[in-house]
Amino acid sequence: AFGVIADIQFADAEDGHDFGGSRRRYYRHSLRLLRDAVRAWAAESPPIAFVLQLGDSIDGLNARRGEAEGALRQVLEALGRLPVPVHHAWGNHELYNFSRARLAQSGLCSRPAGAAAGPPDGLCQAYHCSPAARLRLVVLDAYDLSILGRDPDSPRYEESLRLLREKNPNEDLNSPAGLKEPQFVAFNGGFSQAQLDWFDEVLKSSDGNQEKVVVMGHLPIHPDASDRVCLAWNYEAALSVIHSHRCVVCVLAGHLHDGGYCLDSHGVHHLTLEGVIETPPESNAFGTIYVYEDKMILKGRGRIADRVMQF
């Protein structure tokens, strides 16, 4: 069993609203909801083996207030009360607060030391591990291609900006207005070819070892588990890798605070978790997933519905 949570987006600030001004965000209460989740996971019997934190652990508001380090410390302290590993995806809000180089030195870097677990590019935070026999976890870095968190003089920044401007002619690069491919906005990102090649090799090995693979990342990669905007730039390339193998059973993501789900044409479950940040204080948004030989069962709390995902 393992815990799942997404889009905590904590800030020590009064409630606010999303960028459209229509949805309430509970910045301060999100930390209390995380602590409630930690207490629930700690009481699980049999105990959970790990937690997946699907990105956007603190809000970009912290950067403007000069409170990023303190906010992150409180989130990591809450998660640190669990005696199990926490696997972190990096989202856009982490990259509003910190450079990738700083994140790589922080408690949000859960990639194991050594190059064997991930792609050769040390700044790419993708990695894989085997938390149980015949089960593999792959953490994808959905902002490997992105203009967020990178030095503007770096080749990867220039490549990402060029791609973004090709697809998005809007003056505001966060606006999807009028786009044929509305996922090409600055608050999303994508996967480099090097990461996709590495991902393909990992899945090839899991096929050979008859493993079940759970994939996690901040951005959804299936349009039926998201809206048309909140997707990885090159989600189709990631899907193509997954569909060329038989081992992947589930893809977990955050980013879209309403959540989403679909079972795709290849039998892969795509589950997008509802965000803590837009969850009222009297509710919650986290879950525990129980893994069996032939299925995974999600026991959701608050806004997250129970779900059975057959293999």
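Residues numbered from 1 in each chain as written. Predicted model: local features only at pLDDT ≥ 70, side-chain atom pairs only at ≥ 80, totals over all residues. Heavy atoms only, no water.

In the nomenclature of an unreviewed UniProt entry, the chain corresponds to Manganese-dependent ADP-ribose/CDP-alcohol diphosphatase from the organism Neopipo cinnamomea. Taken verbatim from the UniProt record of the chain, the Cofactor (unreviewed entry) comment is "Mg(2+)". For the chain, the Sequence similarities (unreviewed entry) comment in UniProt is given as "Belongs to the ADPRibase-Mn family." (UniProt positions renumbered as here; feature names shortened; annotations may be inferred.)

Before going further, it helps to examine the pairing of strand β1 (residues 2–5). In summary, the side chains of a regular strand alternate between the two faces of the sheet. Burial along β1 is two-sided: the face carrying Phe2 and Val4 and the face carrying Gly3 and Ile5 are both buried. Two strands pair when backbone bridges link them, and β1 and strand β4 (residues 50–53) are joined in this way by four bridges, in the parallel orientation. The residue of β4 that forms the bridge with Val4 is Leu52. As paired strands, β1 and strand β12 (residues 285–291) are joined by four bridges and run antiparallel to one another. Within β12, the position partnered with Phe2 by the bridge is Ile289. (Buried < 20%, exposed > 50% of the residue type's maximum accessible area, 1.4 Å probe, protein only. Helix = DSSP H or I, 4+ residues; strand = E, 2+ residues; numbered from the N terminus. Pairing = 2+ DSSP bridges.)

The subject of this paragraph is the layout of surface pockets. A volume near 480 Å³ is recorded for the largest pocket. Taken together, 19 residues make up the lining of the largest pocket; nearest its centre are Phe19, Arg25, Phe187, Cys230 and His255. Element by element, the count of residues in the lining of the largest pocket is highest for helix α4 (residues 92–97), at three residues. For the lining of the largest pocket, a count of residues per class yields five nonpolar, seven polar and seven charged. Of the voids in this model, the second largest pocket is the one considered here, and its volume is about 240 Å³. (1 Å grid on protein atoms, 1.4 Å probe; cavity = no way out; pocket = protein on both sides within 12 Å on 5 of 7 lines; lining within 4 Å. Points joined across faces, edges and corners; volume = space filled by probe spheres on them. Nonpolar A, V, L, I, M, F, W, Y, C, P; charged D, E, K, R; others polar.)

Attention now goes to unusual backbone geometry. Look at the link from Ser45 to Pro46: it is a cis peptide, with omega at -5°. Structurally, Pro46 can be placed in the loop between α1 (29–42) and β4. Non-glycine residue Asp7 carries a positive phi angle of around 50°. Tracing the chain through its elements places Asp7 in the loop between β1 and β2 (16–17). According to the relative accessible area criterion, Asp7 is buried, its value standing at 0%. One non-glycine residue, His255, lies in positive phi territory at about 80°. Among the secondary structure elements, His255 is positioned in the loop between β9 (248–253) and β10 (260–263).

Over its 14 residues, α1 runs 20 Å from end to end, which matches the ideal 20 Å to within 8%, given 1.5 Å per residue. On the buried face of α1, the contacting elements are β1, β4, α3 (68–79), β12 and β13 (295–302). (Expected span 1.5 Å × (residues − 1). Contact = heavy atoms within 4.5 Å.)

Looking now at the pattern of salt bridges. Taken as a whole, this structure holds 20 salt bridges when the rule is applied. The residue Arg28 makes a salt bridge to Asp12 at a minimum N-O spacing of 2.6 Å. One end of the pair, Arg28, is in the loop between β3 (24–25) and α1; the other, Asp12, is in the loop between β1 and β2, and 16 residues separate them in sequence. The class of Arg28 is partly exposed, set by a relative accessible area of 36%. Judged by its relative accessible area of 38%, Asp12 falls in the partly exposed class. Salt-bridge contacts for Asp258 lead to Arg23; the nearest nitrogen and oxygen are separated by 2.5 Å. (Salt bridge = Lys/Arg side-chain N within 4 Å of Asp/Glu carboxyl O.)

With that settled, consider the sheet that holds strand β6 (residues 127–132). Spatially, the six strands line up as an open sheet ordered β6-β7-β8-β9-β11-β10, and their pairing is mixed. Where the open sheet ends on each side, the last strands, each with one partner, are β6 and β10. Between one strand axis and the next, the sheet turns by 15° as a mean value, whatever way the strands run. Bridge count for β10 against strand β11 (residues 269–272) is four bridges, and the pairing is antiparallel. Each residue of the ladder has a partner; that of Tyr261, found in β11, is Leu271. Strand contacts of helix α7 (residues 193–208): β6, β7 (135–139), β8 (212–216) and β9, with the helix running at about 175° to β7, the strand carrying the most contacts. (Axes fitted to C-alpha atoms, helices over the stretch in contact; angles between N-to-C directions.)

As enumerated under the stated definition, the model contains five cavities of 30 Å³ or more in all. Of the pockets and cavities examined, the largest cavity occupies roughly 60 Å³. As for the largest cavity, its lining consists of His88, Ala89, Trp90, Leu108, Cys109, Ser110, Arg111, Gln125, Tyr127, Val139, Leu140 and Asp141.

Our focus in this paragraph is the environment of Gln210. Positionally, Gln210 belongs in the loop between α7 and β8. The exposure class assigned to Gln210 is exposed, which follows from its relative accessible area of 58%. Along the sequence, Gln210 and Arg134 sit 76 residues apart, while their C-alpha atoms lie 6.8 Å from each other.

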